[in-house]
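Summary of structural features
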Amino acid sequence: MRWTPASEWTAETVQARADLAERRILHGYAVWHHMRRLRRRLGEDHTTRLQDLNVRCHVTAADSFLTWLNREGLTLETCTQPDLERWMADATVSYRDETGHFVRWSVQNRHARGLTYGTVRWKGPQGVIDSEKRWADARRLLNDDTLAAPDRVAGLLLVLYAQKISTISQLTVDDVHIDGGTVTITFGSSPVVLPSPLASLVRELAATRRGKAKIGTPDDCPWLFPGGQPGRPLTDGQIGKRLHNIGIRPKQDRSTALFTLATELPAAILARMLGVHIKVAVQWQKASAGDWAAYAADVSSRNSQSDPIRNGS
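These remarks concern the structure in this document. (Residues numbered from 1 in each chain as written. Predicted model: local features only at pLDDT ≥ 70, side-chain atom pairs only at ≥ 80, totals over all residues. Heavy atoms only, no water.)

Turning our attention to the sheet that holds strand S3 (residues 192-193). If you trace the three strands from one edge of the open sheet to the other, you get S1-S2-S3, paired in antiparallel fashion. Two strands close off the open sheet at either side, each with one partner strand: strand S1 (176-179) and S3. Of the pairings in the sheet, the one linking strand S2 (residues 182-185) to S3 comprises two bridges and is antiparallel in character. Paired with Ile185 across the two strands is Val192, which belongs to S3. (Pairing = 2+ DSSP bridges. Helix = DSSP H or I, 4+ residues; strand = E, 2+ residues; numbered from the N terminus.)

This is the structure we're talking about:
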């Protein structure tokens, strides 16, 4: 299935809003804020898949928040801080950070008033970096056939490759390339060769994926993790809940994965391979070499035979 460019997808998403005022706001945010800024930064270069996905996530967040407001009988102008905090308290909502960006943009552009949605300054890894739990989780996900294949793959992409749930949910079969016995997946600008048995799990998932509402063959669905609504992937909240149910702590376990990988890879390679911003990769590398040196020493002395990325066990 063809991947629709962000500009075309954005235009379709904006036009799908029935309310004219909401359509104008979403158009301003999507086209004049995100797309124009991206084109200005790229110049003559083409957008990467990650840049395209970033725009989609922000526009999806804005569109979803407008839909929630509409369902609650509210608009951006009439939404109050208690209303916003009620939305924030809902454990099922997705794209929280991206929605915060939209709320701040709306206030700055006078579409909303009196709303505050703070940003969080990154101050290094939060909590204990538990590398032993990471390897234990990886081994369990790689070998436990009683777990559902989508949960195993999503969990492994998080604990081995530090992927955010919002990225995992948006993966499509076009991100997976199968060439004989070699399976690669692309998160950033460089494809990652998957070790066995993860390669076999991804191959199986790509061939058999089907959401609860799916009718027909897997070839009709582009999403690697199809959801309960036709044509839609699993939401961030759904994937997060499923991972929690099998003992994966998304935020903490991703921090451990990023920290560990930052001790082993140069920042530039980390950014290209995992699809994270170069500044994020540099921050994690500084953390792994600085205040968290004790953890780095422990990771570097780990027996390579216990590393599922290297040996696929």
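Nonpolar side chains in soluble globular proteins tend to be buried together. Of all hydrophobic cores here, the largest spans 47 residues; its most connected members are Leu156, Tyr161, Phe225 and Leu274. Those elements that provide at least two residues to this core are helix H6 (131-143), helix H7 (149-161), helix H8 (165-169), S2, helix H9 (198-208), helix H10 (236-245), helix H11 (250-264) and helix H12 (267-274). If one sorts the elements of this core by residue count, H7 sits on top with eight residues. For Leu274, the residues in contact, after removing those within four places along its chain, are Tyr161, Ala162, Gln163, Phe187, Gly188, Leu258 and Leu261. Among the nonpolar cores identified, the runner-up in size contains 27 residues, and Leu26, Trp68, Leu76 and Trp105 belong to it. (Core = buried A, V, L, I, M, F, W, Y, C linked by side-chain atoms within 4.5 Å. Buried < 20%, exposed > 50% of the residue type's maximum accessible area, 1.4 Å probe, protein only. Contact = heavy atoms within 4.5 Å.)

A few words on H11. With 15 residues, H11 extends 21 Å between its outermost C-alpha atoms, agreeing within 8% with the 21 Å of an ideal straight helix rising 1.5 Å per residue. A large share of H11 lies buried, amounting to twelve of its 15 residues. When H11 is considered as a whole, its buried residues turn out to be Pro250, Gln252, Asp253, Arg254, Ser255, Thr256, Ala257, Leu258, Phe259, Thr260, Leu261 and Ala262. (Expected span 1.5 Å × (residues − 1).)

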